Amino acid sequence: MTTTTTPSAAGSGNAATDKFTGERFTADTSPERLSAIATEALADLGALIQKHAITYPEYRVLKQWLIDVGEGGEWPLLLDVFVEHEIEDVNSRNFQGTKGSIEGPYYVPGAPELPAQCTLPMRDEDRVHTALVLRGQVTDLDGAGLGGAVIELWHADSDGFYSQFAPHLPEWNLRGTIVTDTEGHFDITTIAPAPYQIPTDGPTGQFIAAAGWHPWRPAHLHLRVTAPGKQPIITQLYFAGGDWIDDDVAGATKPELLLDPRLDDTGRKVVTYNFALDPAVD
Ligand code: BEZ
Ligand code: FE
């Protein structure tokens, strides 16, 4: 049986803001760097305003909309949809290992620890969907297995809901912290995710609709892979040939991150994917 609850931007947006603001972040940006970036950003914005001859009604709508984004708790959602893929790209350009992708707003640390061969926590109604087995090895750049590497895996259920951002779901549904075996191997059973629509009922969704865009992300798994002395990877795995692969609203797909699972004789989708971690950057 599938749930009829509708995902809400107000619900998931606010939850993302609450989780994000639980921590205070810092960056060692010098006044000179801040000034240079801000000066250029304002100059670029000015050029855009001149080029499109932005009107006062448009300016007032923009101000109102920005207020709505904040009041609706949707800054994490909006930024992760439209901006994070550029940040991820620039910050991973010197790495040789497995490609990264955006984290998005729905990561939660501390999911239950599971052994290398495991099944993610799920409800009976999740179990009716096609099982997906993701197996492989975590290695360094030379292919040496990294025993005890940690894979945090999280994904939406078949209705597009993430646990802890949708009140009807158990706390850790479809989330786990998997510890690889002594050679870095893992064999994780979950359910095949479905394409995901970012919440459309708040200001982010209103903006997307007003621009005539669509709110879809292709089906994906989120992963964070870590090992001592290695650069952590935050990434996503997608499914070759799936809907929205070439038209992700968040612009976060990469050809290196496509899975092509095969059906085994028990009807499960099975796929191997290996993760290679760069050495840690000091
Ligand atoms: C995601 O679940 O992958 C996601 C959701 C909203 C914004 C960006 C990413
Ligand atoms: Fe996602």
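Each remark here, short or long, concerns the structure printed above.
What counts as what
- Residues numbered from 1 in each chain as written.
- Chains lettered and ligands numbered in written order.
- Predicted model: local features only at pLDDT ≥ 70, side-chain atom pairs only at ≥ 80, totals over all residues.
- Heavy atoms only, no water.
- Core = buried A, V, L, I, M, F, W, Y, C linked by side-chain atoms within 4.5 Å.
- Buried < 20%, exposed > 50% of the residue type's maximum accessible area, 1.4 Å probe, protein only.
- Helix = DSSP H or I, 4+ residues; strand = E, 2+ residues; numbered from the N terminus.
- Donors = N, O, S within 2.8 Å, 3.2 Å for Na, K, Ca; no water.
- Salt bridge = Lys/Arg side-chain N within 4 Å of Asp/Glu carboxyl O.
- Phe/Tyr/Trp six-rings, centres within 6.5 Å; stacked < 30°, edge-to-face > 60°.
- Polar contact = N/O pair within 3.5 Å; in protein donor to acceptor, adjacent residues only side chain to side chain.
- Near = heavy atom within 4 Å.
- Pairing = 2+ DSSP bridges.

Caption draft 1: Summary view of the nonpolar core. Ranked by internal contacts, the top residues of the largest apolar core, which has 33 residues, are Leu134, Val138, Ile178 and Leu223. Only strand S3 (131-140), strand S4 (150-154), strand S6 (185-191), strand S9 (221-226), strand S10 (233-239) and strand S14 (275-277) provide two or more residues apiece to this core. Looking at this core element by element, the count peaks at 4 residues for S10. Formed by 17 residues, the second largest nonpolar core is a distinct cluster that contains Ala15, Val81, Ile208 and Val249.

Caption draft 2: A look at unusual backbone geometry. If you check the backbone angles, leucine 174 has positive phi at about 55° while not being a glycine. Its location among the elements puts leucine 174 in the loop between S4 and strand S5 (175-179). Unlike most non-glycine residues, tryptophan 244 shows phi in positive territory, near 70°. As for its placement among the helices and strands, tryptophan 244 is situated in the loop between S10 and strand S11 (258-259).

Caption draft 3: Quick look at the coordination of the iron ion (ligand 2). Protein coordination at the iron ion (ligand 2): the donors are Tyr162 (OH), His220 (NE2) and His222 (NE2), at 1.8 to 2.0 Å from the metal. Mapping the donors of the iron ion (ligand 2) onto the primary sequence yields the spacing Y-x57-H-x1-H. A residue pair is termed long-range when its members are at least 10 positions apart, and tyrosine 162 in the loop between S4 and S5 and histidine 220 in the loop between strand S8 (216-217) and S9 qualify at 58 residues. Across the pair, exposure class does not vary: tyrosine 162 and histidine 220 are buried alike.

Caption draft 4: Up close: the pattern of salt bridges. Taken as a whole and judged by the stated rule, the model has 10 salt bridges. The shortest N-O distance in the salt bridge between arginine 127 and aspartate 124 comes to 3.7 Å. Taken together, the residues arginine 127 and aspartate 124, both in helix H6 (residues 124-127) and 3 residues apart, mark about one turn of the helix. Overall, the relative accessible area of 59% leaves aspartate 124 in the exposed class. The salt bridge partner of aspartate 187 is arginine 135, with a shortest N-O separation of 3.0 Å. One end of the pair, aspartate 187, is in strand S6; the other, arginine 135, is in strand S3, with 52 residues separating them in the sequence. Given the relative accessible area of 17%, aspartate 187 is considered buried.

Caption draft 5: The packing of aromatic side chains, seen in detail. The full count for this structure, using the stated rule, is 13 aromatic pairs. An angle of 50° between the planes, with centres 5.4 Å apart, marks the rings of tryptophan 65 and phenylalanine 207 as tilted. Of the two residues, tryptophan 65 is situated in helix H3 (residues 56-71) and phenylalanine 207 in helix H7 (residues 203-210); the sequence distance between them amounts to 142 residues. The class of phenylalanine 207 is partly exposed, set by a relative accessible area of 28%. Aromatic pair phenylalanine 186 and phenylalanine 275: ring centres 5.9 Å apart, planes at 40°, arrangement tilted. Of the two residues, phenylalanine 186 sits in strand S6 while phenylalanine 275 sits in strand S14, which places them 89 residues apart along the sequence. Under the relative-accessibility criterion, phenylalanine 186 is labelled buried at 3%. Phenylalanine 275 sits in the buried class, given a relative accessible area of 0%. Through a chain of ring-to-ring contacts, three or more aromatic side chains come together here, namely Trp65, Phe82, Phe207 and Trp213.

Caption draft 6: Examining the side chain of aspartate 126 more closely. Inspection of the secondary structure puts aspartate 126 in helix H6. Within the structure, the side chain of aspartate 126 is placed 2.9 Å from the side chain of arginine 123, a separation counted as a polar contact.

Caption draft 7: Region of interest: the site of ligand 1. Lining the immediate surroundings of ligand 1 are 14 residues, of which Val81, Tyr162, Arg217, His220 and His222 lie closest. The contact in question runs from an oxygen atom of ligand 1 to an N or O atom on the side chain of arginine 217, over 2.6 Å. Contact distances for ligand 1 include 3.1 Å between an oxygen atom and a side-chain N or O atom of histidine 220. The element that contributes the greatest number of residues to the shell around ligand 1 is helix H4 (residues 75-82), accounting for 3 residues.

Caption draft 8: Representation of the pairing of S3 in the model. Counting buried residues in S3 gives 8 out of 10 residues, a clear majority hidden from the surface. When S3 meets S6, the two strands line up antiparallel, connected through 7 bridges. Within S6, the position partnered with glycine 136 by the bridge is phenylalanine 186. Direction of pairing for S3 relative to strand S13 (residues 269-272): parallel, over a ladder of 4 bridges.

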